[in-house]
There are 4 protein chains.
Amino acid sequence: MAGTARPDEGQARRPRYAYLGPEGTFTQAALLQVTSADEADLEPCSDVVTALERVRSGDADFAVVPIENSVEGGVNVTLDTLSTGAPLVIVGEMLVPVTFTLCARPGMTLEKVRRISTHPHAWAQCRRWITEHLDGAVHVPATSTAAAAALLASGEPEPGFDAALCSELSARQYGLEVLAAGVADNPHAVTRFVLVARPGRLPEPTGADKTTLMVHLADNEAGALLNMLEQFATRGVNLSRIESRPIGDSLGRYSFSIDAEGHVAEERVQATLIGLHRVCPTVRFLGSYPRADGQRPHVRPGTYDADFRAAREWVGSLLSGYSRVEGD
Amino acid sequence: MAGTARPDEGQARRPRYAYLGPEGTFTQAALLQVTSADEADLEPCSDVVTALERVRSGDADFAVVPIENSVEGGVNVTLDTLSTGAPLVIVGEMLVPVTFTLCARPGMTLEKVRRISTHPHAWAQCRRWITEHLDGAVHVPATSTAAAAALLASGEPEPGFDAALCSELSARQYGLEVLAAGVADNPHAVTRFVLVARPGRLPEPTGADKTTLMVHLADNEAGALLNMLEQFATRGVNLSRIESRPIGDSLGRYSFSIDAEGHVAEERVQATLIGLHRVCPTVRFLGSYPRADGQRPHVRPGTYDADFRAAREWVGSLLSGYSRVEGD
Amino acid sequence: MAGTARPDEGQARRPRYAYLGPEGTFTQAALLQVTSADEADLEPCSDVVTALERVRSGDADFAVVPIENSVEGGVNVTLDTLSTGAPLVIVGEMLVPVTFTLCARPGMTLEKVRRISTHPHAWAQCRRWITEHLDGAVHVPATSTAAAAALLASGEPEPGFDAALCSELSARQYGLEVLAAGVADNPHAVTRFVLVARPGRLPEPTGADKTTLMVHLADNEAGALLNMLEQFATRGVNLSRIESRPIGDSLGRYSFSIDAEGHVAEERVQATLIGLHRVCPTVRFLGSYPRADGQRPHVRPGTYDADFRAAREWVGSLLSGYSRVEGD
Amino acid sequence: MAGTARPDEGQARRPRYAYLGPEGTFTQAALLQVTSADEADLEPCSDVVTALERVRSGDADFAVVPIENSVEGGVNVTLDTLSTGAPLVIVGEMLVPVTFTLCARPGMTLEKVRRISTHPHAWAQCRRWITEHLDGAVHVPATSTAAAAALLASGEPEPGFDAALCSELSARQYGLEVLAAGVADNPHAVTRFVLVARPGRLPEPTGADKTTLMVHLADNEAGALLNMLEQFATRGVNLSRIESRPIGDSLGRYSFSIDAEGHVAEERVQATLIGLHRVCPTVRFLGSYPRADGQRPHVRPGTYDADFRAAREWVGSLLSGYSRVEGD
């Protein structure tokens, strides 16, 4: 993952990665895209808040957590935890295709499955498949897809369900029998994960970067949202994601979680941030980092770094006429 | 709830309301704001999709489902189910304050509680309270807050948890002991529910109405979102909610779920809808209905119905000069 | 000039055209593009105001006056006279290339010319030519280019100048000797003339039309101008000309004279006019008429008449649900 | 005129002012607001182009020329001459109320006046007065209002007219009899004059300043004008004047002459200029100078210098995280 900040390899201490566990989740699959147990300590956490707080407290150097799912949308707890509390920044992103494996203890067959345990999000993403293949099957909620598999594998005599819907990695790790593979209502579903660190290390710009922001609006009017978006549009900065989030104290007030194309080291992104800082009561910078898909933005004429520099030099030359008057 | 369409009371048949069950949920509390078991059949459903499909199929006249929570944001499954499939429209909205009751079987005390069952959303809204009062307590997911209470009340010898976090209504209905009341990280949290029907009945405008829409953008550019929002702004229509939702087949494509101030019977809302229909590939009308809070919009000069009518008459007079030429 | 309204040829009375005289001006050349002395009474007037007032009073059916010059810009007196007083509408436009002829009485040579009479606008358009060919020559103002030629031709012993700078038509009509032909600093200079009538006759749309408007802004802010222009942009209507004009009672208040592409019979132009009527304190319609250059506008997707009609029908269908409730 | 640059009074050489002559014009009245014959050489010029060229060539230090009239609008020749050729900047502005004096040789009475000489612009501004008081009187064009008075005063036996319509200053200077004073269709008419210099001297900001610009658009679309104006609006810079001018080589292409509120030493004006430089093919800076009326702009929240500086510092702090990585 070129350009992403990593812990200083000269250090004696191995870097520590907290992630949304338990082992076998899709999050672990994302984590294994950036590091491995050979080179780092990998620490599963019970929830997203815990994983991120370990970075805040210094107990971990990095956290890997899900931020967006192509079916369900933004992961609220990640967006909200990044947006409040001590500053954290995203330094990398990873994409993981999301299809599930229906697995069980030996002896169970697909036809006999009546109760299925999994995380509610996984259930939501397989509802149609289940109606087609196991009509009438009931959902038994679990705290994660891997937790359902773990319970089955634990030997617990009455787990309360017949099968678990989990990742292929989990099924393998827990040695369960696969009743159905590639289960998903949408076979192209993908989840985006982020690598999070404390501020102080901006990944270098690669030309194909994203900048993530959290922005509050001045008021509730349509005009305020327009004004905010115009800050991007007048500098030719496209958005690849925008999610409204309630501010939490009442209905009707929203913050916006935004991924913009480009890196804060680029002039057009800086100009946009300056504009946002002026017109929005709160702007939180959540990182500039390389895109997982490597897609470079379409830069509009007049918005290249050189255009901004030339324009600033021109204005500087107008002012230097002024300075000369000052000096004589 | 003045102005909301109700089933024809002249009909012999009692109206049927499907709602997100089981009994005792906050949804039932919302339902009881618009009807009661004395005047209608109230049918709890296992999930939002089922409740809405019963209206689509004609098995119910109305459904009551949650649409937005002041802490967690839009209820994805409601937004998505309304936005696809056979048309449904919202004909009313209800607000329910959301605080929880921690309850248990007789003999349990607050200090002894280690495992708490509830719906994941309820857990998310009480996380801070639990850390403060029951640090280390573990979440046992349930399909609803009421389901957790029901299981406790059922006499099941090993429910797998010590206490349920549910609505006060549930605690009462199931005869559980209250260990803590008014539990909530945010004491002002409120959930918005909607009353849904098949098209054909628009509630009458009250002067304090909302119109709910689902809109796809022409492409992924910031410009497309700006163009869409300008359709509202140029007619002086404010938004009270905007939520982006992934379109579902890949990351990076979004639809927008929008609540606009005003009723489709008003000229400025009609003009906005005409503009959206022209510039957006998909616009879905999801109803015009009275606001639960009765708040009237600030109508900007030049956007009253009379302004639109006067403008149209003027243009008509210009054209009638044209017609006169045609006629002679 | 297809599509332009003409006087009813069935009438016994010949149509009367007032134009900015005297004979031999470029205005007469424009007039001869639409009619001739064989079929109409052609009445030269001493100034633009007089020509237009004759139409207002009914003493003439049409007036031909200049409205815009590619070098000097809008013709203020025409723009202002159309914009105030009893309504007049433009029903046609004519383009006339503007190059001048330097002419004199027999015996004069180019080298001897020291004093040149012509209208100030003509002088402005030949200044560079004169500096190059007759450096030091002095301007003697005349009320029109033709008036200068007429005075030379009149035999007046002391006209006060040596040569006249006028149209080729004038030089020929007054029998003067041509010292230099095709005189112009800009050889592509062109003047646009308009055919003006009383309201009641809109030329039929041809698909290549212009609509001329005069608009006051709500206040002096940049925002008011933006709001006004957005009325055009949101309906995909391009401007081919925009001229600010002081409102006349003080500096800092402006009206805008605008030519928009399209005909008021077209939906996107009607929608724009409705929007302008709502947001601007004054909008004056000054006619829809075929473009002299026959250039058809680029119509953007979503702004065709069919798009507007489909959108209105859709909104109508939403409302008819409403009406059905009303009716039962 | 506080804040306006003036020639260095320490210099032995007296400053030279070129102005639109002859003596007695309204331009001279404007000139006398900034200097006098006691302290400077005042040089009348035959036309605006000559006055401005004397500054370009170094033959004069300053020029005073009219730029805008509250009745007729922008003075084309001034706008166009400033906008092309070697750079000039406006360093001050002066307002002169414009009412006229009808004057004649002894013996003439108001009733007998049939032919009136004056500049065409003066004639345009008194047309209604003349129709009311001297109906049928004929216009004899002069190159300036003062020239008409001078010819009357010269003793020339056959001046070709009975009275001159000129400034009160002219009437006095030439010793003519006043037939009517305060002649003007609009008693509040005012002309704005500018003091022009070579670049190198920006007047200091006073808090009540104007910046004058000439801008070309990227293309002819309504969108291009909107984009240009948004550069002002997004930085809260209001316009006090905007005039479209044909670019001169054909109809349909326009440049815009703009007066913006504020001084280029102010952040919001600089940010606007940077934006214009990026999106417009040509931007010409024509000076920042104190307003004659001393009116201070309404500065919107978020557009004060301090807001821009705070925003830039914030973005700098984000980047310095980046730099620290660079440095270690």
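- The name an unreviewed UniProt entry gives chain A is Prephenate dehydratase, with Georgenia daeguensis as the organism.
- Under the UniProt heading Catalytic activity (unreviewed entry), the entry covering chain A gives this text: "prephenate + H(+) = 3-phenylpyruvate + CO2 + H2O".

## Re the relation of the copies chain B and chain C
Part 1 of the reasoning: The two copies are related by a screw motion: chain B maps onto chain C through a turn of 180° and a shift of 0.0 Å along the axis, at an RMSD of 0.1 Å. One copy is carried onto the other by what is essentially a two-fold rotation axis.
Part 2 of the reasoning: The residues that chain B uses at the interface reappear at the interface of chain C in 97% of cases, marking a shared surface.

## Quick word on the domain arrangement of chain A
Residue and element names in this part refer to chain A.
Part 1 of the reasoning: What the domain assignment reports for chain A is domain 1 (14-97 + 190-200), domain 2 (100-183) and domain 3 (202-317).
Part 2 of the reasoning: Each of domain 1 and domain 3 has a C-alpha centre, and these two points are 23 Å apart.
Part 3 of the reasoning: At the junction of the two partners, domain 1 supplies 14 residues and domain 3 supplies 15 residues.
Part 4 of the reasoning: Counting residues per element, the ones that place at least two in the side of domain 1 that touches domain 3 are β4 (73-74), α3 (76-83) and β5 (89-97).

## Re the interface of chain A and chain B
Part 1 of the reasoning: Contacts between the two partners involve 40 residues from chain A, matched on the other side by 41 residues from chain B.
Part 2 of the reasoning: Listed by contribution, the elements that provide at least two residues to the side of chain A that touches chain B are α3, α4 (120-133), β8 (138-141), β11 (190-197), α7 (222-233) and β13 (239-246) of chain A.
Part 3 of the reasoning: Ranked by the residues each element gives to the side of chain A that touches chain B, the list is headed by α7 of chain A, at eight residues.
Part 4 of the reasoning: Here the residues of the side of chain A that touches chain B are counted per class, giving 18 nonpolar, 14 polar and eight charged.

## Section: the packing of helix α2 (residues 48-57) of chain D against helix α3 (residues 76-83) of chain D
Each pair of packed helices gets described by two things: the angle between the helix axes and the distance between those axes.
Residue and element names in this part refer to chain D.
Part 1 of the reasoning: Interhelical geometry of α2 versus α3 gives an angle of 30° and a closest axis separation of 9 Å. The orientation of α2 relative to α3 falls into the category roughly parallel. Our pair here, α2 against α3, has a crossing hand that is right-handed. Two secondary-structure elements touch here, α2 through V48, V49 and L52 and α3 through V77, T78 and T81.
Part 2 of the reasoning: Of the residues contributing to the contact of α2 with α3, the split by class is four nonpolar, two polar and no charged.

## Points about the pairing of strand β8 (residues 138-141) of chain D
All names here are of chain D.
Part 1 of the reasoning: When strand β7 (residues 115-118) meets β8, the two strands line up parallel, connected through four bridges. Considered in β8, the bridge of I116 is made with H139.
Part 2 of the reasoning: Running through helix α4 (residues 120-133), the crossover from β7 to the neighbouring parallel element β8 is right-handed.

## Some words on helix α5 (residues 145-153) of chain B
All names here are of chain B.
Part 1 of the reasoning: Burial within α5 is extensive, with seven of its nine residues counted as buried.
Part 2 of the reasoning: Within the sequence span of α5, burial applies to T145, A146, A147, A148, A149, A150 and L152.
Part 3 of the reasoning: Summarising the contacts, the buried residues of α5 are in contact with β6 (100-104), β7 (115-118), α4 (120-133), β9 (163-166) and α6 (168-173).
Part 4 of the reasoning: Just downstream of α5, G155 is the residue with a positive phi angle, here 90°.

## What about the environment of F285 of chain B?
Part 1 of the reasoning: The topology assignment puts F285 of chain B in strand β15 (residues 282-290).
Part 2 of the reasoning: Residues F285 of chain B and R127 of chain B, spaced 158 residues apart in sequence, show a C-alpha to C-alpha distance of 37 Å.
Part 3 of the reasoning: Those residues in contact with F285 of chain B that lie beyond four places of it in its chain are L213 of chain B together with L318 of chain C.

## Comments concerning the environment of R14 of chain C
Part 1 of the reasoning: Here R14 of chain C shows up in the segment before β1 (16-20).
Part 2 of the reasoning: In this structure, R14 of chain C is in contact with A40 and D41 of chain C, ignoring residues within four places of it in sequence.

## A word on the interface of chain B and chain C
Often, the extent of an interface is quoted as the loss of accessible area upon association of its parts.
Part 1 of the reasoning: Counting residues at the interface gives 32 residues for chain B and 31 residues for chain C.
Part 2 of the reasoning: Mapped by element, the contributors of at least two residues to the side of chain B that touches chain C are α7 (222-233), α8 (267-279) and α9 (305-327) of chain B.
Part 3 of the reasoning: Looking at the side of chain B that touches chain C element by element, the count peaks at 12 residues for α9 of chain B.
Part 4 of the reasoning: Residue classes in the side of chain B that touches chain C are distributed as 17 nonpolar, nine polar and six charged.

## Examining the sheet that holds strand β12 (residues 209-216) of chain A
Residues and elements named next belong to chain A.
Part 1 of the reasoning: Taken in spatial order, the four strands line up as β13-β14-β12-β15 in an open sheet, and their pairing is antiparallel. Each end of this open sheet is capped by a strand with a single partner; those strands are β13 and β15 (282-290). In this sheet, neighbouring strand axes are inclined to one another by 15° on average, regardless of whether the strands run parallel or antiparallel.
Part 2 of the reasoning: Where β12 lies against β15, seven bridges are found, and the strand directions are antiparallel. Counted as the bridge partner of D209 is P290 from β15.
Part 3 of the reasoning: Across the face of the sheet, α3 comes into contact with β12, β13, β14 (254-261) and β15 while running at roughly 85° to β13.
Part 4 of the reasoning: The strands touched by helix α8 (residues 267-279) within the sheet are β12, β14 and β15, with β15 carrying the most contacts at an inclination of about 165°.

Thresholds applied
Residues numbered from 1 in each chain as written. Chains lettered and ligands numbered in written order. Predicted model: local features only at pLDDT ≥ 70, side-chain atom pairs only at ≥ 80, totals over all residues. UniProt positions renumbered as here; feature names shortened; annotations may be inferred. Least-squares fit on C-alpha atoms with pLDDT ≥ 70 in both. Contact = placed C-beta atoms within 7 Å. Domains from an automatic or database assignment. Helix = DSSP H or I, 4+ residues; strand = E, 2+ residues; numbered from the N terminus. Nonpolar A, V, L, I, M, F, W, Y, C, P; charged D, E, K, R; others polar. Axes fitted to C-alpha atoms, helices over the stretch in contact; angles between N-to-C directions. Parallel < 35°, antiparallel > 145°, perpendicular 65-115°, else oblique. Left-handed = near helix turned anticlockwise from the far one by under 90°. Pairing = 2+ DSSP bridges. Right-handed = clockwise from strand over helix to strand, strands pointing away. Buried ≥ 20, exposed ≤ 12 C-beta atoms within 10 Å, placed from the backbone.

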